[in-house]
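An overview of the molecular structure
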There are 2 protein chains.
Amino acid sequence: MTDLTVAVTQMSCGPDAAANLDRAEALVREAAASGARLILLQELFETPYFCAEQDYGHLALARPFEDNPVLARFAALAAELRVVLPLSFFERDGNTYYNSVAIADADGRLLGVYRKTHIPNGPGYQEKQYFAPGNTGFRVWDTAVGRIGVGICWDQWFPECARAMALMGAELLLYPTAIGSEPQDPDLNSEAHWRTVMRGHAGANLVPLLASNRVGAEPWRDFEMRFYGGSFIAGPTGEVLGRMDDAPGVLTATLDLDAARRQRHEWGVFRDRAPHHYGILTR
Amino acid sequence: MTDLTVAVTQMSCGPDAAANLDRAEALVREAAASGARLILLQELFETPYFCAEQDYGHLALARPFEDNPVLARFAALAAELRVVLPLSFFERDGNTYYNSVAIADADGRLLGVYRKTHIPNGPGYQEKQYFAPGNTGFRVWDTAVGRIGVGICWDQWFPECARAMALMGAELLLYPTAIGSEPQDPDLNSEAHWRTVMRGHAGANLVPLLASNRVGAEPWRDFEMRFYGGSFIAGPTGEVLGRMDDAPGVLTATLDLDAARRQRHEWGVFRDRAPHHYGILTR
């Protein structure tokens, strides 16, 4: 019996952090009640997407990885429900700020932190204002449900990130994200593009993939950000197993990771890579 | 005015090489008459897909790049029609055999050769029996229609190949292919997987992409190979602009390469790459 049920979630976030955290907890409980053993929350679920604007005041939202009450609360929740729970948070480490994810295993242990490598910038997404590019490099985590790799939002646009995690043996690729409107261009809707690229990663690496995206409207000084949700779960050929619309909630799918591994190995792409020709990617 | 019309083609190949070449020429003429200035023929269009079986006799099909009558004929055709024409062929270079593509520019010059880097192997696709892995590395070509990158069939499964060509400035990614049935598993249809991965390359690199696949049935000793066609053209977000079914023919689409370049640069993914974290891809 190798079936594994996993869940993506999406919710809107308001100015009341306690309410956001309660909402996130409720989604995790709902997903666990549906049988999910790995549950993905969206990027920076504790707060509105403050990177929409440039305001030094938002630096006060960051917390260290150690002695972090939100991580402690959700790690305890992971233990209670026996679920694996990647937790996106705004991290302060000494004088440096990162866009990070901590991995809570199903026994409630925090396995460590991955810091977002690729930092976007542009109207509505002023991340270079807040976050240093991550210094952890890509990571994978041995959890109760298998070896997982987690990238964060903008990381998903980089085939190198997905490939690196697959080369490290990831059996699942996870992306907590926050993407929606482009204030400089009301006609630009990136949702199909966003999904196509991640489906490509799943298919190229033959690894199932989960994306949990923020949803709903967040008003800022000069514009309103609207996140499109559309969280989805893809199988190892990039096929969409389930996809949400723009309502908050939970979506589950059941995966066979052993079958995916066989498919990955039999397809032969990892056998046939030619690393001596890939140097240009690292220059 | 930056519109560029491009074409993909697909045809079935029989044992009569002269008839195959005439069919290929007819498709090129049809595409040019439709306004296409770059026309992509499928992989190894001169012959049946001989790699379906292991037979040393097929080595006699290979020809050198220099003094090659098929390349000369189609380069003259490119000049006559003023079209760019990548030409897949079975290459012999001294004692070594490659699965290669020569690029005929719109003035009839052959710009050089790219040798397929990634060589598949498996029932129905015994390419490691015939071809050495290419020694040219990935290449791009400055042609009358812009800078193009050409991978060959199995190359398309490797995000590294598409990314390398994009880093070298490719404005179009092209894949002549030959893929269809899997003799060991009659239920395995890779067509959606195949397309998903290439759409991912287009979207991740924000570069339009063309794939021309072989179509039709080819009988071999122990089984029949059936190629699924499905040639398609994708735009810079991986959207499918047009797609063929399993009938021979030509499909055109009109692209705006300048708009694609703007979109590529504004999206910012090439700005935000982190090559110092990509070392694992080259080991």
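Rules and cut-offs
Residue numbering note: each chain is counted from 1, following its sequence as written. Numbering of ligands from 1 and lettering of chains from A proceed in the order in which they are written. Only residues with pLDDT of 70 or above have their local features reported here, since the model is predicted, and side-chain atom pairs are shown and tallied only from 80 upward, although totals for entire chains, interfaces and linings are computed over all residues. The basis for every side-chain value is the complete set of heavy atoms in the structure, and neither hydrogens nor water enter the calculation. Working definition: helices are DSSP H or I runs of at least four residues, strands are E runs of at least two. Numbering for both runs from the N terminus. Radius of gyration means the value over C-alpha atoms here, while the globule rule gives 2.2 Å times the residue count to the 0.38 power. Think of it in three bands: with a 1.4 Å probe and only protein chains considered, a residue is buried below 20% of the maximum accessible area for its type, exposed above 50%, and partly exposed in between. The Shrake-Rupley method, run with a 1.4 Å probe, gives the accessible areas here. Residue values count only the displayed protein chains as cover. Positive charges come from Lys and Arg, negative ones from Asp and Glu, while His and the chain ends are left out of the count. The location of each charge is read from NZ of Lys, CZ of Arg, CG of Asp or CD of Glu. To superpose the copies, least squares is applied to the C-alpha atoms of every residue with a pLDDT of at least 70 in both. Whether two residues are in contact is decided by their heavy atoms, any of which lying within 4.5 Å being enough. The way it works is a 1 Å grid over only the protein atoms, where trapped points that fit a 1.4 Å probe form a cavity and open points with protein on both sides within 12 Å along at least five of seven lines form a pocket, and then any residue with an atom within 4 Å of a point lines it. Grid points are joined across faces, edges and corners, and a volume is the space filled by probe spheres set on the points. Polar here means any residue other than Ala, Val, Leu, Ile, Met, Phe, Trp, Tyr, Cys and Pro, which are nonpolar, and Asp, Glu, Lys and Arg, which are charged; Gly is therefore polar. Here a strand pair is declared whenever DSSP counts at least two bridges between the two strands. Angular values range over 0 to 180 degrees, each being the angle between N-to-C directions of two axes fitted as lines to C-alpha atoms, with helices fitted over their stretch in contact. Basic side-chain nitrogens of Lys or Arg form a salt bridge, by our definition, when they fall within 4 Å of a carboxyl oxygen of Asp or Glu. Here the expected span of a helix is defined as 1.5 Å times the quantity of residues minus one. When we speak of the arc, we mean the arc of directions from the helix axis to the C-beta atoms. Whenever a nitrogen or oxygen atom comes within 3.5 Å of another N or O atom, the pair is scored as a polar contact, on the condition that within protein one atom can donate a hydrogen and the other can accept it, and that pairs from neighbouring residues in sequence are kept only if both atoms are in side chains.

**Notes on the overall build of chain A**
A tally of helices and strands in chain A yields five helices and 14 strands. Against the compact-globule benchmark of 19 Å for 283 residues, chain A has a radius of gyration of 18 Å, which places it among compact chains. Taking the principal axes of its C-alpha atoms as reference, chain A extends roughly 55 × 45 × 40 Å. A total of 283 residues make up chain A; the buried ones form 64% of that total. Counting every atom, chain A has about 10,100 Å² of accessible surface; 48% of that belongs to carbon and sulfur. Distance between charge centroids for chain A: 6 Å, based on 26 positive and 35 negative side chains.

**Regarding the relation of the copies chain A and chain B**
The transformation that overlays chain A on chain B combines an axial shift of 0.0 Å with a rotation of 180°, and the residual RMSD is 0.0 Å. Those values place the two copies in the arrangement expected of a two-fold rotation axis. For chain A, the residue whose C-alpha comes nearest the rotation axis is Gly200(A), separated from it by 2.0 Å. Of the residues that chain A buries at the interface, 100% are likewise interface residues in chain B, meaning the two copies contact each other through the same surface.

**Description of empty space enclosed by the protein**
All names here are of chain B. Tallied over the full model, the rule gives three cavities of 30 Å³ or more. Estimates place the volume of the largest cavity at around 120 Å³. Element by element, the count of residues in the lining of the largest cavity is highest for strand E3 (residues 85-93), at three residues. Classifying every residue of the lining of the largest cavity gives seven nonpolar, three polar and two charged.

**So, the layout of surface pockets**
Roughly 530 Å³ of internal volume is contained in the largest pocket. Every residue lining the largest pocket is counted, 27 residues in all, and those nearest its centre are Glu266(A), Trp267(A), Glu182(B), Gln184(B) and Leu188(B). Looking at the lining of the largest pocket, the elements that each hand over two or more residues are helix H5 (257-267) of chain A together with helix H4 (191-205) of chain B. Among the residues forming the lining of the largest pocket, the class breakdown is 13 nonpolar, eight polar and six charged. Space inside the second largest pocket adds up to approximately 450 Å³. Taken together, 22 residues line the second largest pocket, and the ones lying closest to its centre are Glu182(A), Gln184(A), Leu188(A), Glu266(B) and Trp267(B). Put simply, the parts of the chain that give the lining of the second largest pocket at least two residues each are helix H4 (191-205) of chain A together with helix H5 (257-267) of chain B. Ranked by residue count, the leading element in the lining of the second largest pocket is H5(B), at three residues. In terms of residue class, the lining of the second largest pocket is built from eleven nonpolar, eight polar and three charged.

**Points about the sheet that holds strand E8 (residues 172-177) of chain B**
All names here are of chain B. Taking strand neighbours across the sheet as the criterion, the six strands line up as E6-E7-E8-E9-E12-E13 in an open arrangement whose pairing is mixed. Here the strands that pair on one side only, and so sit at the sheet edges, are strand E6 (140-143) and strand E13 (240-243). Adjacent strand axes in the sheet meet at a mean angle of 20° when their direction is disregarded. Of the pairings in the sheet, the one linking strand E12 (residues 232-234) to E13 comprises three bridges and is antiparallel in character. Following the sheet pairing, Ile-233 is matched in E13 by Gly-242. Sheet strands in contact with helix H3 (residues 159-167) are E6, strand E7 (146-150) and E8, and its direction is about 140° off that of E8.

**Some details on the sheet that holds strand E14 (residues 249-256) of chain B**
Residues and elements named next belong to chain B. Reading across the sheet, the three strands line up as E2-E1-E14 and stay open at both edges, with mixed pairing between neighbours. This sheet does not close on itself; its edge strands, each paired only once, are strand E2 (38-40) and E14. Mean inter-strand twist for the sheet, computed between neighbouring axes without regard to direction, equals 20°. Inspection of the sheet shows strand E1 (residues 3-10) paired to E2 by three bridges, in the parallel sense. Within E2, the position partnered with Val-6 by the bridge is Leu-38. The strands that helix H1 (residues 17-33) touches are E1, E2 and E14; relative to E14, the one it contacts most, it runs at about 40°. Sheet contacts for H5: E1 and E14; angle to E14, the most-contacted strand, approximately 60°.

**Section: the environment of Glu66(A)**
All names here are of chain A. Considering the arrangement of structural elements, one finds Glu-66 in the loop between strand E2 (38-40) and helix H2 (69-81). For Glu-66, a relative accessible area of 58% gives the class exposed. Distance from Glu-66 to Arg-92, taken between C-alpha atoms, is 9.9 Å for residues 26 residues apart in sequence.

**Describing the pattern of salt bridges**
Tallied over the entire structure, the rule returns 46 salt bridges over all chains. For Arg273(B), the salt bridge identified is with Glu160(A), shortest N-O distance 2.8 Å. Remark: Glu160(A) occurs in helix H3 (residues 159-167) and Arg273(B) occurs in the segment after H5; the pair is interchain, linking two chains. When sorted by exposure, Arg273(B) lands in the same class as Glu160(A), which is buried. One salt bridge connects Glu43(B) with Lys116(B), and the closest N-O pair in it is separated by 2.9 Å. Remark: Lys116(B) occurs in the loop between strand E5 (110-115) and E6 and Glu43(B) occurs in the loop between E2 and helix H2 (69-81); sequence separation between them is 73 residues.

**Considering H1(B)**
Residue and element names in this part refer to chain B. Between its first and last C-alpha atoms H1 spans 24 Å; for 17 residues at 1.5 Å apiece the expected length is 24 Å, and the two agree. Among the residues of H1, Asn-20, Leu-21, Ala-24, Glu-25, Leu-27, Val-28, Ala-31 and Ala-32 are the ones counted as buried. When H1 is viewed along its axis, its buried side chains cluster within an angular range of 160° and face the same direction. Buried residues in H1 make contact with E1, E2, H2, E3 and E14. Where H1 begins, the capping side chain belongs to Asp-16, and its oxygen is found 3.0 Å from the backbone nitrogen of Ala-18. Looking one or two residues beyond H1, the residue adopting positive phi is Gly-35, at roughly 100°.

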